[in-house]
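Okay, here's what each chain looks like letter by letter:
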Amino acid sequence: MRACVFTFIVVLGLTGLVTAQTTAPAPPINPFDELAKQNAESPEPKPAAPSLPPELAGVVEKFQQAAKDFESKKKEIATTALGRYSSAAQSELSAAQFYITCQQMVQARLPDLNGVSKKDEKEKQDRAKQMADRIEDAPGRAAVLQLQLQYLVFTMEAPQMKDRGAVVSRLKDFAGKAVNLIATYAGVPTDETKEKERSSSGNRSRREAEKIKDEREMERARRDLVQQAKTGVMGSIFAQAYNLQSYFEPMDNWPESPLNLEQIFKNFVFPYRQQNKPELMASEWDEYIAHVTHLERCSQDERGYSRWLVGHYKSLQWSKWRDLMKNGVNRAMAADELVKLIKENPTNEAVSSWVEDLSSLTYELVNPPVAPPAEPKPQ
């Protein structure tokens with residue numbers, strides 16, 4: 001009997017050995033993967049909630065339900081607002097009409113202390129008509145409102161866009177469109193207009209005085225248009241009407257308006273381009289500087305623009321060449337331009353910081369960072 005049992009055990013051992021030799025060895029078990037799997041299958045039990053008196057338990061339940069209802073309502077309200085914005089952004093006329101509607105929506109939230117009368121309704125209609133007339137009389141105002149709505153729609157759609165390149169491309173399109181709009185409707189005053197502004201004589205005729213007054217009003221409207229175009233869309237009357245800040249949150253570091261050129265290029269365009277076709281970085285910088293220069297020319301008078309050209313404009317040039325130098329794009333040319341800026345602009349307010357910056361670049365070139373040793377490849 002013992003011999004039979006022994007024989008049976010030997011057969012089993014040989015069978016197991018043959019099976020082990022003919023079966024591929026199982027991959028090693030990663031203990032971290034196993035631990036994560038166990039945690040997922042059996043989540044850590046939450047501590048039991050302390051027992052509450054019945055009246056407090058009811059209060060807690062109401063609060064939790066209110067928070068849950070708000071979360072489910074957020075998406076519904078944001079979707080409704082997005083639909084209204086998209087529809088109103090189709091034309092300048094619809095954008096202007098929607099602007100008046102949103103103004104009335106915000107105004108209607110104010111408490112009515114005296115009650116509504118027919119006179120109040122008529123005044124409300126008159127105010128709406130006056131507002132429409134002001135928009136119609138201000139060149140470019142309706143175009144800016146349409147641009148704001150279009151950018152607000154894009155702001156709400158961007159978080160769902162998986163293609164970062166498409167986001168960057170549309171941001172660049174909006175920046176160019178906004179700058180062109182300002183150039184069209186808020187261009188630089190002619191030399192003739194500026195000469196009349198300077199020749200403020202008390203002996204001019206009434207007609208000349210009225211003409212100069214009109215030109216000054218146009219200049220004021222031009223500056224107002226630039227300021228309106230720079231207004232962040234999340235703070236616009238369109239967003240206020242739907243209390244959008246409570247129901248939607250833009251992407252991190254998102255530019256508030258299409259004229260926020262620094263955020264558009266430094267937070268989105270340049271980082272994307274450094275990772276994708278860095279050889280195009282120089283042209284991206286040129287586009288950015290051209291947009292900023294054009295906007296400054298339309299936003300300031302001749303004296304202010306001249307000061308900007310000899311001041312901040314040079315700093316933009318420095319930032320461009322420094323970035324190209326640091327990222328290994330056209331390094332020889334970038335080095336020459338950096339040295340040239342220091343030599344040709346000794347009175348610039350930023351020249352001392354440029355020299356310090358150059359010292360830092362020199363140190364980095366002489367002492368390049370040591371790359372960590374490569375990990376050995378598995379045999």
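Residues numbered from 1 in each chain as written. Predicted model: local features only at pLDDT ≥ 70, side-chain atom pairs only at ≥ 80, totals over all residues. Heavy atoms only, no water.

Visitor: So what about the pattern of salt bridges? Which residues, and what values?
Guide: Scanning all chains against the criterion turns up eight salt bridges. As a salt-bridge pair, E262 and K266 come within 3.5 Å of each other at their nearest N and O atoms. In this pair, E262 and K266 both sit in helix α11 (residues 261-275), four residues apart, roughly one turn of the helix. Taking the relative accessible area as the measure of exposure, K266 reaches 35% and is therefore partly exposed. With a shortest N-O distance of 2.5 Å, R322 and D357 are connected by a salt bridge. In this pair, R322 sits in helix α14 (residues 312-326) while D357 sits in helix α16 (residues 351-366), placing the two residues 35 residues apart along the sequence. The class for R322 is partly exposed, based on a relative accessible area of 23%. By relative accessible area, D357 is classed as buried at 16%. Counted as one network, the salt bridges with shared partners bring together K172, R273, E284 and E287. (Salt bridge = Lys/Arg side-chain N within 4 Å of Asp/Glu carboxyl O. Helix = DSSP H or I, 4+ residues; strand = E, 2+ residues; numbered from the N terminus. Buried < 20%, exposed > 50% of the residue type's maximum accessible area, 1.4 Å probe, protein only.)

Visitor: Residues and numbers for α16, please.
Guide: With 16 residues, α16 should reach 22 Å at 1.5 Å per residue; the first-to-last C-alpha distance of 23 Å fits that figure. Those residues of α16 that sit buried are V351, W354, D357 and L361. Projection of α16 onto a plane perpendicular to its axis shows the buried side chains occupying an angular sector of 110°, all on one side. Exposed residues lying more than 90 degrees from the buried face of α16 are E356, Y363 and V366. Close packing links the buried residues of α16 with α14 and α15 (331-344). (Expected span 1.5 Å × (residues − 1). Arc of directions from axis to C-beta. Contact = heavy atoms within 4.5 Å.)

Visitor: Give a detailed account of the confidence of the model for the protein chain, specifying residues and quantitative values.
Guide: Overall, the prediction assigns the protein chain a mean pLDDT of 79, with 71% of residues at 70 or greater. Ranking the elements of the protein chain by mean pLDDT puts helix α1 (residues 2-22) last with 41 and α11 first with 96. Within the model, the stretch residues 1-36 combines pLDDT values under 50 with one contact to residues more than four positions away or in other chains. (pLDDT = per-residue confidence, 0-100.)

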